[in-house]
Amino acid sequence: MNKSCLLCGVGGQGTVLASKLIAYAALDKGMFVRTTETIGMAQRGGSVVSHVRMGEEIHSPLIPKGQADVMIAFEPAEAVRNISYLKKDGVAVVNRKAVKPVTATLSNTEYSGQEMMEYLKKHVKNLVLVDGEAICKEVGSAKVLNMALLGAALGSNVLDLSLQDMEHEIEIHVKKQFVEMNKKALARGAAAVL
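Quick look at the structure, then.

Rules used in this analysis
- Residues numbered from 1 in each chain as written.
- Predicted model: local features only at pLDDT ≥ 70, side-chain atom pairs only at ≥ 80, totals over all residues.
- Heavy atoms only, no water.
- Helix = DSSP H or I, 4+ residues; strand = E, 2+ residues; numbered from the N terminus.
- Rg over C-alpha atoms; globule rule 2.2 N^0.38 Å.
- Buried < 20%, exposed > 50% of the residue type's maximum accessible area, 1.4 Å probe, protein only.
- Contact = heavy atoms within 4.5 Å.
- Areas by Shrake-Rupley, 256 points an atom, 1.4 Å probe, with all protein chains shown as cover.
- Arc of directions from axis to C-beta.
- 1 Å grid on protein atoms, 1.4 Å probe; cavity = no way out; pocket = protein on both sides within 12 Å on 5 of 7 lines; lining within 4 Å.
- Points joined across faces, edges and corners; volume = space filled by probe spheres on them.
- Nonpolar A, V, L, I, M, F, W, Y, C, P; charged D, E, K, R; others polar.
- Polar contact = N/O pair within 3.5 Å; in protein donor to acceptor, adjacent residues only side chain to side chain.
- Pairing = 2+ DSSP bridges.
- Axes fitted to C-alpha atoms, helices over the stretch in contact; angles between N-to-C directions.

### Notes on the overall build of the protein chain
Phase 1: Each helix and strand in the protein chain was counted, giving eight helices and six strands.
Phase 2: Traced from its N-terminal end to its C-terminal end, the protein chain shows the element sequence β-α-β-β-β-α-β-α-α-β-α-α-α-α.
Phase 3: For a compact globule of 194 residues, the expected C-alpha radius of gyration is about 16 Å, and the protein chain comes in at 16 Å, within 12% of that figure.
Phase 4: Taken along its principal axes, the extent of the C-alpha atoms in the protein chain is 50 × 40 × 30 Å.
Phase 5: By the burial criterion, 48% of the 194 residues in the protein chain qualify as buried.
Phase 6: Once local pairs closer than 6 in sequence are excluded, the contacts in the protein chain between residues at least 24 apart make up 64%.
Phase 7: Taken as a whole, the protein chain presents about 9900 Å² of accessible surface, with 51% of it coming from carbon and sulfur.

And the structure:
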């Protein structure tokens with residue numbers, strides 16, 4: 001069975017690493033995988049979107065609108081911006097903490113993300129809100145947000161991958177000194193859902 005996962009956030013949140021780990025795990029399970037990223041002005045806090053498609057037969061890396069089984073959103077506004085990719089019964093895993101966009105900073109406009117959260121609550125049937133900031137504090141690093149959200153997605157059982165599959169990929173693809181911290185964040189993210 002094919003699965004499509006869209007990851008979205010802003011530059012520096014670890015979106016691309018999370019998508020690569022999903023792809024590696026799927027490959028190790030014998031699935032066909034196609035991925036692509038749109039990173040634009042990611043280095044300056046701009047949008048980052050990664051498409052990961054896996055399964056028996058995948059012809060294109062791009063997820064058609066309305067076909068993502070899961071959306072992992074690192075920021076509420078990015079979730080709203082990419083909601084059209086999510087299936088009607090798809091799962092949206094969304095970090096609660098908003099990141100003030102560059103445009104709001106430059107225009108000195110307030111942005112808390114609350115409007116975005118309310119919109120998501122009204123329009124997403126299977127919404128999983130994650131307090132990524134709390135998990136990062138507990139683990140001791142703001143750089144593990146990607147693992148916390150990935151853990152929450154795995155805990156939602158929407159991907160055909162397990163926590164153990166992802167821990168294995170972390171051991172292989174993450175620098176040795178950060179492996180345990182990332183595995184801890186992954187487990188905390190999954191526990192937040194369960």
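### With respect to helix 5 (residues 132–139)
Phase 1: Looking at helix 5, one finds that the buried residues are Gly-132, Ile-135, Cys-136 and Val-139. For helix 5, the angular spread of the buried residues around the axis is 100°, confining them to a single face.

### Observations concerning the layout of surface pockets
Phase 1: Within this model, the largest pocket holds a volume of roughly 520 Å³.
Phase 2: Residue lining of the largest pocket: 23 residues in total, with Gln-13, Ala-142, Lys-143, Val-144 and Leu-145 positioned closest to the centre.
Phase 3: Secondary-structure elements contributing two or more residues to the lining of the largest pocket are helix 5, helix 6 (145–155) and helix 8 (179–193).
Phase 4: Here the lining of the largest pocket gets four residues from one element, more than from any other, and that element is helix 5.
Phase 5: Per-class residue counts for the lining of the largest pocket are nine nonpolar, nine polar and five charged.

### Considering the side chain of Ser-50
Phase 1: Looking at the secondary structure, you find Ser-50 in strand 3 (residues 47–55).
Phase 2: By relative accessible area, which is 0% here, Ser-50 ends up buried.
Phase 3: For Ser-50, the contacting residues outside a window of four places in its chain are Cys-5, Leu-6, Leu-7, Thr-15, Val-16, Ser-19, Thr-36 and Glu-37.

### Remarks on the side chain of Ser-19
Phase 1: The topology assignment puts Ser-19 in helix 1 (residues 15–28).
Phase 2: With a relative accessible area of 2%, Ser-19 lands in the buried category.
Phase 3: From its side chain, Ser-19 meets the backbone oxygen of Val-16 in a polar contact 2.8 Å long.
Phase 4: Discounting residues that sit within four places of it in the chain, Ser-19 has contacts with Leu-7, Glu-37, Ser-50 and Val-52.

### Some thoughts on the pairing of strand 3
Phase 1: Burial of strand 3 is extensive: eight of the nine residues sit out of reach of the surface.
Phase 2: Note: strand 2 (residues 32–38) against strand 3, seven bridges, orientation antiparallel. Note on strand 3: the bridge partner recorded for Glu-37 is Ser-50.

### Comments concerning the sheet that holds strand 4 (residues 68–73)
Phase 1: Strands sit in the order 2-3-1-4-5-6 across an open sheet of six strands; the sheet is mixed. Single-partner strands in this sheet number two, and they are strand 2 and strand 6 (126–130). Averaged over all pairs of adjacent strands, the angle between strand axes in this sheet comes to 15°, irrespective of strand direction.
Phase 2: Sheet topology places strand 1 (residues 3–10) next to strand 3; eight bridges connect them, and they run antiparallel. Along strand 3, the bridge assignment pairs Lys-3 with Met-54.
Phase 3: Strand contacts of helix 1: strand 1, strand 2, strand 3 and strand 4, with the helix running at about 5° to strand 3, the strand carrying the most contacts.

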